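# Report on the structure
Spelled out, the chains give:
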Amino acid sequence: MRRAGVYTRRSGIVVAASAIVGVGLRLSLPTRSGPGPTRRTYYLDPAGSDEADGLSPGSAWRSLDRVRRVVLAPGDSVLLRGGARFTGMLQLDQADAGDAAKPVTIGSFGSGKAIIAPQATSAVYVHNTAGVEIRDLEVIGDAGTFADCGGVVCYNDLSDGRVLEHIVVAGVEASGFKNGIEIGAAKTGFRAVTVSNSLAHDNMEAGVAVYGPGLQPGSPRYAHENVTISSVQAYRNAGDATNTERNTGNGIVLGSVRTGLIEKSEAYENGRLCAAPQGPAGIWTYDSSAVVIERNVAHDNHTGGPADGDGFDLDQNTSDCVLQNNLAYNNDGAGLMLYAEKAGTYNRNNIVRDNVSTGSGRGSAWYGGITVAGNVTSALISGNSVTVSAAGPGSPPPPAVRLAGTLRGVTLSNNRLASQGGPIISTQDGANASIIVKPDNQMSIS
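What comes next is a walk through the structure. This is a predicted model, so every value here is computed, not measured. Residue numbers here run from 1 along each chain, matching the order of that chain's written sequence. Local features in this predicted model are restricted to residues of pLDDT 70 or higher, and side-chain atom pairs are both shown and tallied only at a pLDDT of 80 or more, whereas totals for entire chains, interfaces and linings draw on every residue. Here the side-chain values reflect all heavy atoms present in the structure, with hydrogen atoms and water set aside.

## Overview of the pairing of strand 22 (residues 281-286)
Here the term buried applies to any residue with accessible area under 20% of the maximum for its type, exposed to any over 50%, and partly exposed to those in between, with areas from a 1.4 Å probe on protein chains only. Working definition: helices are DSSP H or I runs of at least four residues, strands are E runs of at least two. Numbering for both runs from the N terminus. With six of six residues buried, strand 22 lies mostly within the body of the structure. Strands were regarded as paired on the criterion that DSSP finds at least two bridges between them. Two elements, strand 19 (residues 250-255) and strand 22, share four bridges in a ladder whose sense is parallel. Looking at strand 22, one finds that Ile-252 is bridged to Ile-283.

Here it is in structure tokens:
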């Protein structure tokens, strides 16, 4: 993002697979027996025994590690006793699941949600397979997981380029990890992904993070397809004060996605420890195409560094995306942002419409309620309602709209823009050379 007239690079989240689950965890798996002829349900209970058959609550297994000694065939279920606490990691790999029509289900039985509290590993790790649904669990990290591991992780590093289909994460609460819920890829990733009705809070880098390899401008290739984030709360994901290179402390972020939806979600109080020159945002996407972000709320998001703390953002290498019917308030940076790094990235054919932004620029008056900066082409900004005011006594008010950088074909139409003592539209770096401000915009200064 940009602050004080200096562009700073904002890159996507990149997480090494070894950092997610710990070095060596995927290198030596126990020998497994073959799958049964019918769908089975395996039960786990801390009062159970790993010598039992696991096929009923009365003959439940005791440990998560016992699950790794069987192949989970399509349609099988693994259910943990609700309210009970389990240590260790529940892991599925390429031998497990694999059928989108007959998913393997990981969940709870009895009363309440089961708790998985690993020590320096992920809680649930799905590696190189899909056709998996993870439901109604609470995962709680420790000091080791907070720096290095995701809570619920689905990761594809297959070398043959296959896209794996059907991942569901629903009714999960994830806290105390590097990222609460992760969907990641080294090359190609996952199709038909849903994260819903979940809480992701008090993690270090992000509540929910979807990521893949960096997008090369001019030849876009996206790791994931058809990703939906719905009814998720991402909060108090504070960031990493020791990371001075890239953004941390995000709420919900989609990277390397073709066709996505973030809806009915809330991101707040994220980012206060981010110390990098590129900052965090409550809800945003980068390196993606055809993502719709609608009917969400992003408020009181922060940055501890010189940039961002935005509410919503369509960032670098995003195209044909829509940001609509959202509410942003009391964020350190912009309420609504369009941005791309000036050299080598793009932001094109995006729409920002019918959103409400109030109280933006709490951390820096450079950011407007709507901020369009960097290398942005063919953007429509329409029907938004923006109100800005000074963050405190003696502070200059931010502009309602900030325009900066190399902008081409940016149109402002039918917006309601109000400022308490500051500029309505502020341009710099020749940004007004290709801006269309239609007369139907309503502007007022009080």
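## Some words on the side chain of Thr-129
With respect to the helices and strands, Thr-129 occurs in the loop between strand 9 (124-127) and strand 10 (132-135). Thr-129 sits in the buried class, given a relative accessible area of 3%. For this analysis, a polar contact is any N or O atom pair within 3.5 Å, provided that within protein one partner can donate a hydrogen and the other can accept it, and provided that sequence-adjacent residues contribute only side-chain to side-chain pairs. Within the structure, the side chain of Thr-129 is placed 2.6 Å from the backbone oxygen of Asp-96, a separation counted as a polar contact. Working rule for contacts: check all heavy atoms of both residues, and any pair within 4.5 Å makes them a contact. If we skip the residues at most four places from it in the chain, Thr-129 touches Leu-92, Asp-93, Gln-94, Asp-96, Ala-97, Gly-98, Leu-164, Ile-167 and Phe-190.

## Digging into unusual backbone geometry
In this structure, Asp-202 is a non-glycine residue whose phi angle is positive, near 55°. Tracing the sequence through the fold places Asp-202 in the loop between strand 16 (190-201) and strand 17 (206-211). A positive phi angle, close to 55°, is found at Asn-330, a residue other than glycine. Tracing the chain through its elements places Asn-330 in the loop between strand 28 (327-329) and strand 29 (336-340).

## What about the pattern of salt bridges?
A side chain of one charge can pair with a side chain of the opposite charge when the charged atoms of the two come close. For this document, the term salt bridge refers to a Lys or Arg side-chain nitrogen within 4 Å of an Asp or Glu carboxyl oxygen. For the coordinates displayed, the defined rule picks out 12 salt bridges. The partner of Asp-50 in a salt bridge is Arg-62, and the shortest N-O contact between them spans 3.9 Å. Note that Asp-50 is positioned in the loop between strand 3 (41-44) and strand 4 (77-81) and Arg-62 in the loop between strand 3 and strand 4, a separation of 12 residues in sequence. Classification of Asp-50 by relative accessible area gives buried; the value is 13%. Here Glu-225 and Arg-191 are joined by a salt bridge, their closest N and O atoms 3.2 Å apart. Linking Glu-225 in strand 18 (residues 224-235) with Arg-191 in strand 16, this pair joins segments that are 34 residues apart in sequence.

## Thoughts on the packing of aromatic side chains
Stacked, edge-to-face and tilted labels apply to pairs of Phe, Tyr and Trp rings (six-membered ring for Trp) whose centres lie within 6.5 Å, assigned for plane angles under 30 degrees, over 60, and everything in between, in that order. Enumeration over the complete set of coordinates arrives at five aromatic pairs. Ring centres of Trp-366 and Tyr-367 lie 5.1 Å apart, and the angle between their planes is 90°; this geometry places the pair in the edge-to-face category. Placement of a charge over a ring requires the Lys NZ or Arg CZ to be within 6 Å of the ring centre, with the centre-to-atom vector within 35 degrees of the ring normal. Across the ring face of Tyr-346, the terminal group of Arg-348 is positioned such that the distance to the ring centre comes to 4.1 Å.

## Thoughts on the pairing of strand 23 (residues 289-294)
When strand 20 (residues 257-263) meets strand 23, the two strands line up parallel, connected through five bridges. If you follow Leu-261 over to strand 23, its bridge partner there is Val-292. Direction of pairing for strand 23 relative to strand 27 (residues 322-324): parallel, over a ladder of three bridges. Bridge pairing links Ile-293 to Leu-323 in strand 27.

Geometry only, nothing functional implied.
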